[in-house]
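A look at the structure
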Amino acid sequence: MATGTVVLFVCIAVSFLFLLYVAGKDTDRVEARATEAWNRVVPLIREGPLPSLLPDSQVEAIQVLDARGNVVASTQQLLGKPPMATFLSGNGDVRSAQVLCPPRGLVGCSTVVSYKVYQPDGIWPLYVAVPVIPWYGDATALLLAIGVSVLVTAGITGWVFRDLTKVVAPVNAMQAELAEITASRLDRRVPVPRKYGEIKFLAETVNDTLDRLEGAYQQLRRFTSDASHDLRSPISAMRVQLDQALMYPQDTDWPKMATSVLAGVDRLQAIVTDLLTLARLDARAPLSRNPTDLSMLVAAEVDRRTYRVELVKNLRRNVYVECDRLRITRVLVNLLDNAERHANSRITVSVRSEGCTAIMEVLDDGAGIAPEQREMVFERFTRLAASRERDSGGTGLGLPIAREIAEAHQGTLTIQDSERGARFVLSLPVYECAPVGAQTRSPSAGAGGRRGPTRRNWTIPDLGKGAT
């Protein structure tokens, strides 16, 4: 409809210009006939004597009056009739024209052209009646313009409607398929047309979105199922212990039972805390970022704890990152807990920078993780068999939380190859990394060096003893 309306307006505009052109040509033709009649009659007047009946011409009528206003000659239409007009041109003009409806002695409207013929006894008026030309020229031109406009509008509208119908058909099919997709039928996909590149690209994009949606939904279902199981197990165990204690209160070791129930409560609290942390990370909660020396942050946390195995530090100073210190500390704690759970005798923690990337590694000397399982350990509530044997109280959320925090800082957390044990590598962008080839200095450089613009706002954690 929009296309047809636009085409119709264009046709009307073109037809209007065409009719104006035709009307102009017809007007010129009629004026030429009047001039021709004047050129033919004036010599007859001046040669005299003038016959009372003038020969027929291509104009409607011709009439000649003498200086006293008497009709002396005319064409057959006005023979014996009074003057068809009485007006003359102004003093400086020989010719003038008026539309009379009708001129005396004629029927219908005509354009009467008046000429002055100068004779010895005075001015003789010569009147020539010609047809009135309407603004559109003639009926033939008007019908032609209307017919062409209708045909062009109908043709283009029909052609556009046909093509749009073909184009919209795949969109309608996509809409119908999308209307049938529900949470229980996420495996359905919209049809991809073979033609129309833009719609084909749209259909492929929709299918890719549905793939991601199905994957996220399946992950959510697994997460919900695993969370329900992990929450239900300690609750069921505590309920059994409490029911048994109430049934046999005299035979119950209440301190032992309370300790066991408290352990279950601690596990529930750990799971709920981890779930809330994941929820905040999934919601993209804002980070409280500050420029921090990663080595000093790691040293402070490592020296604060005690470990059952030897812990080796290899920390290079002045590796600055802009981070949420509490959350990066949470990553370190999760990695250290995991390493301590699997290490045989040693854990190695190292910090260094490679170009514009800060690297923190936690390496243990345990059995390691098979390459095909390295991504699996970052899935929520996933615990490998070795993990369950060494610590049955884990939640299976520590490593997923650590990776989510790394990605929130535009970094990565991966497991890389090592000669022995598992090697977790955290990569973060270096704070205010200088361009390649530029001289770089740490924010604590001397007076001649470059000083960080936010140096006065930095918060350096307390290192404690034994920091490197």
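To be clear, the structure that these remarks concern was listed above.
Report on the accompanying structure. Fair warning: this is a prediction, and the values are worked out from it, not measured in the lab.

What follows concerns a nonpolar patch on the surface. Taken together, Phe18, Leu144, Val148, Val152, Ile156 and Trp159 make up a surface patch of nonpolar side chains, about 500 Å² in accessible area. No other element matches helix α2 (residues 139-180), which puts five residues into the nonpolar patch. Relative to the elements of secondary structure, Phe18 occurs in helix α1 (residues 2-47).

One open sheet accounts for five strands, arranged β7-β9-β10-β12-β11; its pairing is mixed. Only two strands of the sheet have a single neighbouring strand rather than two, namely β7 (310-315) and β11 (412-416). Sheet twist, expressed as the mean angle between neighbouring strand axes with direction ignored, is 15°. Where β7 lies against strand β9 (residues 346-354), six bridges are found, and the strand directions are parallel. Across the sheet, the residue bridging to Lys313 is Val349, located in β9. Contacting β7, β9 and β10 (357-364), helix α5 (residues 294-304) runs over the sheet at an angle of about 165° to β7. Contacts between helix α6 (residues 325-342) and the sheet are confined to β7, β9, β10, β11 and β12 (423-429), with β10 contributing the most and set at about 25° to the helix.

In total, this model carries one disulfide according to the counting rule given. Disulfide pairing places Cys101 opposite Cys109 at an S-S distance of 1.8 Å. The S-S bond linking Cys101 to Cys109 shows a torsion near 120°; that makes this disulfide right-handed.

Our focus in this paragraph is the pairing of β12. Across the seven residues of β12, six count as buried, placing the element largely inside the fold. By the bridge criterion, seven bridges tie β10 to β12 in an arrangement that is antiparallel. Bridge assignment links Val362 to a residue of β12, and that residue is Phe424. If you look at the hairpin formed by β11 and β12, you'll find six residues sitting between the two strands, and Gly421 has a positive phi there, around 80°.

An α-helical turn contains 3.6 residues, so a residue and the one three or four places further along point in the same direction. In a regular helix each residue adds 1.5 Å, so 42 residues correspond to 62 Å; α2 covers 59 Å between its end C-alpha atoms and thus fits that length. Its axis deflected by about 30° at Val168, α2 carries its strongest bend there, up to four residues before the proline Pro170. Residues of α2 that are buried include every one of Ala141, Ala145, Ser149, Thr153, Val160, Pro170, Met174 and Glu177, and no others.

Time to look at the packing of α1 against α2. Two numbers describe a pair of packed helices, the interaxial angle and the distance between the axes. Where α1 meets α2, the axes come as close as 9 Å, and the angle between the chain directions of the two elements is 160°. Overall, the two elements α1 and α2 adopt an arrangement that is roughly antiparallel. Judged by the sense of rotation from one axis to the other, the crossing of α1 with α2 is right-handed. Counted together, Thr3, Gly4, Val7, Leu8, Cys11, Ser15, Phe18, Leu19 and Val22 of α1 and Ala141, Leu142, Leu144, Ala145, Ser149, Val152, Thr153, Ile156, Thr157 and Val160 of α2 form the full contact between these two elements. Of the residues in the contact of α1 with α2, the class split is 13 nonpolar, six polar and no charged.

Right, let's get into the pattern of salt bridges. This structure, assessed with the given rule, holds 16 salt bridges. One salt bridge connects Arg29 with Asp26, and the closest N-O pair in it is separated by 2.3 Å. You can see Arg29 and its partner Asp26 sitting in helix α1, three residues apart, about one turn around the helix. Note that Arg188 is salt-bridged to Glu177, the shortest N-O span being 2.6 Å. In this pair, Arg188 sits in the loop between α2 and α3 (197-247) while Glu177 sits in helix α2, placing the two residues 11 residues apart along the sequence. A relative accessible area of 16% places Glu177 in the buried class. Through salt bridges that share partners, Arg352, Glu354, Glu361 and Arg423 make up one connected network.

Criteria and thresholds
- Residues numbered from 1 in each chain as written.
- Predicted model: local features only at pLDDT ≥ 70, side-chain atom pairs only at ≥ 80, totals over all residues.
- Heavy atoms only, no water.
- Patch = residues over 30% accessible without salt bridge, like charges linked within 9 Å, V, L, I, M, F, W, Y side chains within 5 Å.
- Areas by Shrake-Rupley, 256 points an atom, 1.4 Å probe, with all protein chains shown as cover.
- Salt bridge = Lys/Arg side-chain N within 4 Å of Asp/Glu carboxyl O.
- Helix = DSSP H or I, 4+ residues; strand = E, 2+ residues; numbered from the N terminus.
- Pairing = 2+ DSSP bridges.
- Axes fitted to C-alpha atoms, helices over the stretch in contact; angles between N-to-C directions.
- Contact = heavy atoms within 4.5 Å.
- Disulfide = S-S within 2.5 Å.
- Buried < 20%, exposed > 50% of the residue type's maximum accessible area, 1.4 Å probe, protein only.
- Expected span 1.5 Å × (residues − 1).
- Bend = angle between axes of the 7 residues up to and from the residue.
- Parallel < 35°, antiparallel > 145°, perpendicular 65-115°, else oblique.
- Left-handed = near helix turned anticlockwise from the far one by under 90°.
- Nonpolar A, V, L, I, M, F, W, Y, C, P; charged D, E, K, R; others polar.

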